[in-house]
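Analysis of the macromolecular model
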Amino acid sequence: MPISTSRPKSFYFLTAFFALFILFLYGPTLTIGILSFQGPSGGLTFPMNGWSLHWYFQLFEQQAVGDFGGSLTRSLLLALAVMVVTVVISLSAGMAFRKKFKGSGVLFYLTIVSLIIPSILISLGIGLLFNQVGIEPTWYGSALGSHLTWTLPFGLLIMFAVFNRFDKSYEAAARDMCATPFQTLRYVVVPLILPSLVGVGLFGFTLSYDEFARTIMTAGSKNTLPLEIFGMTTNVTTPVLYALGTLTTFISFAAIVGTLAILHLLKRHRARTAMEK
Amino acid sequence: MSNERSAYLQALPLFTIMVIFLVIPTIMIVIVSFWDYNAFSIIPDFIWDNYNFLLTSSVTWQAYANTLFYAVTSWAITLLIGFTAAYYMAFHLRTTKSQTICFLLATVPFLTSNIIRMISWIPLLGRNGLVNQTLQTLGITSHPLEFLLYSDFSVILAFVHLYTLFMVVPIFNSMMRIDRKLVEAAIDAGASPWQVITQVIIPLSKSGITIGTIFVFTLVMGDFITVRLMSGGLSASVGLLIYNEISLLQYPAAAAGAVTLLGTVLIMLAILFRFANIRKDL
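Computed from a prediction, not measured in an experiment: that's the story for all the values here. (Residues numbered from 1 in each chain as written. Chains lettered and ligands numbered in written order. Predicted model: local features only at pLDDT ≥ 70, side-chain atom pairs only at ≥ 80, totals over all residues. Heavy atoms only, no water.)

For the rest of this paragraph, the subject is the overall build of chain B. Counting secondary structure elements, chain B contains 15 helices and two strands. For chain B, the spread of C-alpha atoms along the principal axes amounts to about 75 × 70 × 30 Å. Across chain B, contacts joining residues at least 24 apart in sequence account for 70% of those joining residues at least 6 apart. For chain B, the computed accessible surface area is about 12,900 Å², with 68% contributed by carbon and sulfur atoms. (Helix = DSSP H or I, 4+ residues; strand = E, 2+ residues; numbered from the N terminus. Contact = heavy atoms within 4.5 Å. Areas by Shrake-Rupley, 256 points an atom, 1.4 Å probe, with all protein chains shown as cover.)

Below is the structure:
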């Protein structure tokens, strides 16, 4: 933190740099957002050839771009399942890591390896495994597992950060008042860390919803949305691709905004109950 | 219930998932990499042919050279941008609120589809794209620049676009933990702003830099979608070779490629982990 109150020259330079960075992050996505509203005769680039929702309607016509509705449904259901499982398992494992247990080092490094191992390896390995065992890979089975190898490490790392700052005296107080371990968890720990759990859920949801590489060999015969999009990039050359991109980005945004709104409500609710006491 | 036993129970679900979906599949890949195959199926066997072919093929070496080039270039650029952005947020923004807003602004794109973020470069960089149109209108070039799209340039641009955040977040995290008194002490002792950065802030954000480096390196090393989409199929990477073999159902060949890639990544990680104790820094 600069000590003097006047801003140094570098501040303005860095502000401009950061603004450019944000523009770089959002600019391209906004561009396809605008281009997705091309008129029916519009192409993949500027100038805009009229404005319409034509390409959005195209999305929902079965033969135009494959099974968009089905793949979207599958992706959303899968993301919800991954979200719930990620929250539960991350919380449970996070609790475990607060105590000393043999093999905690191994489990920790296993989880880290899961995060940084190239996704295509996971995909290939699970595909081969299911293939050899003779189980049909499905989006709700093998793909669920492969997504968890990507979301659980993030979840666990967030839980580490949470429990590092967690004040253990609350639990001690609960125990002193004869709460069972489950009651302590249910009425003390979970309410205190609820915002972070919502965060873990958000991570799980969006990571799974957008995951492509870990899905190619694990989804089986039915496509998820990212697989559908990847297929489209190679054979669709109309703005319908942009319409799809904009729509899926919008869904991700809705998930993020929804989560932030929940967090905000939680905070307000907590502030209010605290005042009443 | 004893403490240790409950810890085992709580860790069990994570452990089970990791064994079924990480450990066993990896073992499976190693096993299959020694198998034989023909056009129709894969045949259990123990042969070295897959590795032999892989390691003597110039395509492999070219792909490794390409991939390393992508990894090192993307790493250098993401580090530069990521460090500057994190430094700005951590040391130049004065309120927690403005820090949170900027942090969220930088994080949100990471939560949307990578493939969509790649495609969105096409209307900008294409032959008739916005960049070429602008350059020509301004009279800077007379004909469209071809290198913008479907080239090494666009591949690296996409990597930087996708992964800079993996640098920003850990570096920002370790910067937020630097005691501000150290910076003040350095200034009082007569250090120039540049000396403060190079002699106080950089050494103290080392663990963040290392974690970011690990992310960017491993993500780029294993990538095949970005290289495929952004090079227009003109360049190869190790991941893309594996993906192509998977598409051709040559699983044992793909598995041998995957084992080699895994070995390479693990060696790099072993080197990188010497620079930071991740568990301690969490």
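A few words on the packing of helix α4 (residues 68-96) of chain A against helix α10 (residues 225-235) of chain A. Residue and element names in this part refer to chain A. At a closest axis distance of 8 Å, the pairing of α4 and α10 adopts a crossing angle of 140 degrees. The pairing of α4 with α10 is recorded here as oblique in orientation. From α4, Phe68, Ser71, Leu72 and Ser75 reach across to α10, where they touch Leu225, Pro226 and Glu228. (Axes fitted to C-alpha atoms, helices over the stretch in contact; angles between N-to-C directions. Parallel < 35°, antiparallel > 145°, perpendicular 65-115°, else oblique.)

Turning next to unusual backbone geometry. A negative phi angle characterises most non-glycine residues, just as the trans form characterises most peptide bonds. Look at Cys178(A): it is not a glycine, yet its phi comes out positive at around 70 degrees. Note on placement: Cys178(A) falls in the loop between α8 (169-176) and α9 (181-209). Here Cys178(A) falls in the exposed class, since its relative accessible area comes to 67%. We note that Tyr150(B) has phi near 55 degrees; this positive angle belongs to a residue other than glycine. Mapped onto the elements of the fold, Tyr150(B) is located in the loop between α7 (130-137) and α8 (152-176). (Buried < 20%, exposed > 50% of the residue type's maximum accessible area, 1.4 Å probe, protein only.)

Contacts between the two partners involve 95 residues from chain A and, on the opposite side, 91 residues from chain B. Surface buried jointly by chain A and chain B totals about 8,200 Å² across both partners, of which 80% is contributed by carbon and sulfur atoms. At the surface where chain A touches chain B, the tally comes to zero salt bridges. Only α1 (9-35), α4, α5 (104-116), α6 (119-133), α7 (142-164), α9, α10 and α11 (240-276) of chain A provide two or more residues apiece to the side of chain A that touches chain B. It is α1(A) that contributes the most residues to the side of chain A that touches chain B, 16 residues altogether. Taken together, the residues of the side of chain A that touches chain B sort by class into 63 nonpolar, 27 polar and five charged. (Buried area = accessible area lost by both parts, 1.4 Å probe. Salt bridge = Lys/Arg side-chain N within 4 Å of Asp/Glu carboxyl O. Nonpolar A, V, L, I, M, F, W, Y, C, P; charged D, E, K, R; others polar.)

Turning to the environment of Phe110(B), a few remarks are in order. Tracing the backbone through its elements, the reader meets Phe110(B) in the loop between α4 (96-107) and α5 (114-119). Each C-alpha atom of the pair Phe110(B) and Leu165(B) lies 7.1 Å from the other, and the pair is 55 residues apart in sequence. What Phe110(B) contacts, discounting residues up to four positions off in sequence, is Phe154(A), Phe203(A), Leu207(A), Arg117(B), Leu165(B) and Phe166(B).

Take the confidence of the model for chain B next. Detailed reading of the predicted coordinates is not advisable wherever pLDDT falls low. All names here are of chain B. For chain B, the mean per-residue pLDDT works out to 88, and 97% of the residues sit at or above 70. For chain B, helix α15 (residues 278-281) is the element with the lowest average pLDDT, namely 61, and helix α3 (residues 58-92) is the one with the highest, namely 94. Confidence metrics for the complex model read pTM 0.89 and ipTM 0.87. (pLDDT = per-residue confidence, 0-100.)

This part covers the nonpolar core. Of all hydrophobic cores here, the largest spans 162 residues; its most connected members are Phe21(A), Leu124(A), Leu14(B), Met175(B), Ile225(B) and Ile242(B). Residue contributions to this core peak at 15 residues, all from α8(B). Once residues lying within four places of it in the same chain are set aside, the contact partners of Met175(B) are Phe83(B), Ala86(B), Tyr87(B), Ala90(B), Phe91(B), Arg180(B), Ile201(B) and Ser205(B). Judged by nonpolar contacts, the second largest core, of eleven residues, contains Leu91(A), Val162(A), Phe163(A) and Val189(A). (Core = buried A, V, L, I, M, F, W, Y, C linked by side-chain atoms within 4.5 Å.)

Attention now goes to the packing of α4(A) against α9(A). Relative orientation and spacing of two packed helices are given, respectively, by the angle between their axes and the distance between those axes. Residue and element names in this part refer to chain A. The geometry of α4 relative to α9 is characterised by a closest axis approach of 8 Å and an angle of 140 degrees between their N-to-C directions. The angle between α4 and α9 places the two elements in the oblique class. Considering how the two elements wind past one another, α4 and α9 form a crossing that is right-handed. Taken together, the residues that form the contact of α4 with α9 break down as 18 nonpolar, six polar and no charged. (Left-handed = near helix turned anticlockwise from the far one by under 90°.)

Right, let's get into the side chain of Ser90(A). Residue and element names in this part refer to chain A. Along the chain, serine 90 falls in helix α4. In terms of polar contacts, serine 90 uses its side chain to reach the backbone carbonyl oxygen of threonine 86, at 2.6 Å. Excluding anything up to four places from it in sequence, serine 90 contacts Leu152, Gly155, Leu156, Met159 and Val200. (Polar contact = N/O pair within 3.5 Å; in protein donor to acceptor, adjacent residues only side chain to side chain.)

Turning our eyes to something else, we now look at helix α9 (residues 180-188) of chain B. Residue and element names in this part refer to chain B. Of the positions making up α9, those classed as buried are Arg180, Val183 and Ala186. Down the axis of α9, the buried set is contained in an arc of 120 degrees. They therefore lie on one face. Along α9, the residues that are exposed and aim more than 90 degrees away from the buried face are Lys181 and Asp188. Glycine 190 occupies a position one or two residues after α9 and carries a positive phi of about 90 degrees. (Arc of directions from axis to C-beta.)

A few words now on the environment of Phe15(B). Along the chain, Phe15(B) falls in helix α1 (residues 3-32). Looking at Phe15(B), the relative accessible area reads 37%, which means it is partly exposed.

The next point concerns α3(B). Spanning 35 residues, α3(B) covers 50 Å between terminal C-alpha atoms, matching the ideal 51 Å at 1.5 Å per step. A side-chain oxygen of the first residue of α3(B) lies 3.1 Å from the backbone nitrogen of Val59(B); this N-cap is Ser57(B). (Expected span 1.5 Å × (residues − 1).)

The next thing to look at is the pattern of salt bridges. All names here are of chain A. Using the criterion set out here, one finds one salt bridge over all chains in the structure. Of the charged contacts, one joins glutamate 171 and arginine 98 as a salt bridge, the two residues approaching to 2.7 Å between their closest N and O atoms. Residue glutamate 171 is located in helix α8, and its partner arginine 98 is located in the loop between α4 and α5; the two are separated by 73 residues in the primary sequence. Take arginine 98: its relative accessible area is 21%, and that puts it in the partly exposed class.

Okay, a nonpolar patch on the surface next. A surface patch of nonpolar side chains, amounting to about 550 Å² of accessible area, comprises Ile34(A), Phe37(A), Trp51(A), Leu53(A) and Phe57(A). Turning to its location among the elements, Leu53(A) is positioned in the loop between α1 and α2 (54-59). (Patch = residues over 30% accessible without salt bridge, like charges linked within 9 Å, V, L, I, M, F, W, Y side chains within 5 Å.)

What follows deals with the packing of aromatic side chains. Residues and elements named next belong to chain A. Applying the stated criterion across every chain, the model contains 37 aromatic pairs over all chains. Measuring from centroid to centroid gives 5.2 Å for phenylalanine 11 and tyrosine 12, while their planes differ by 80 degrees, and the two rings are edge-to-face. In this structure phenylalanine 11 comes out as buried when scored by relative accessible area, which is 10%. A ring pair is formed by phenylalanine 108 and phenylalanine 160, whose centres lie 5.8 Å apart and whose planes are at 10 degrees; its orientation type is stacked. Taken as a pair, phenylalanine 108 in helix α5 and phenylalanine 160 in helix α7 lie far apart in primary sequence, 52 residues in all. The buried category is assigned to phenylalanine 160, whose relative accessible area is 10%. The lysine or arginine in question, arginine 186, covers the ring of tyrosine 187, its NZ or CZ lying 4.7 Å from the ring centre. (Phe/Tyr/Trp six-rings, centres within 6.5 Å; stacked < 30°, edge-to-face > 60°. Lys NZ or Arg CZ within 6 Å of the ring centre and 35° of its normal.)

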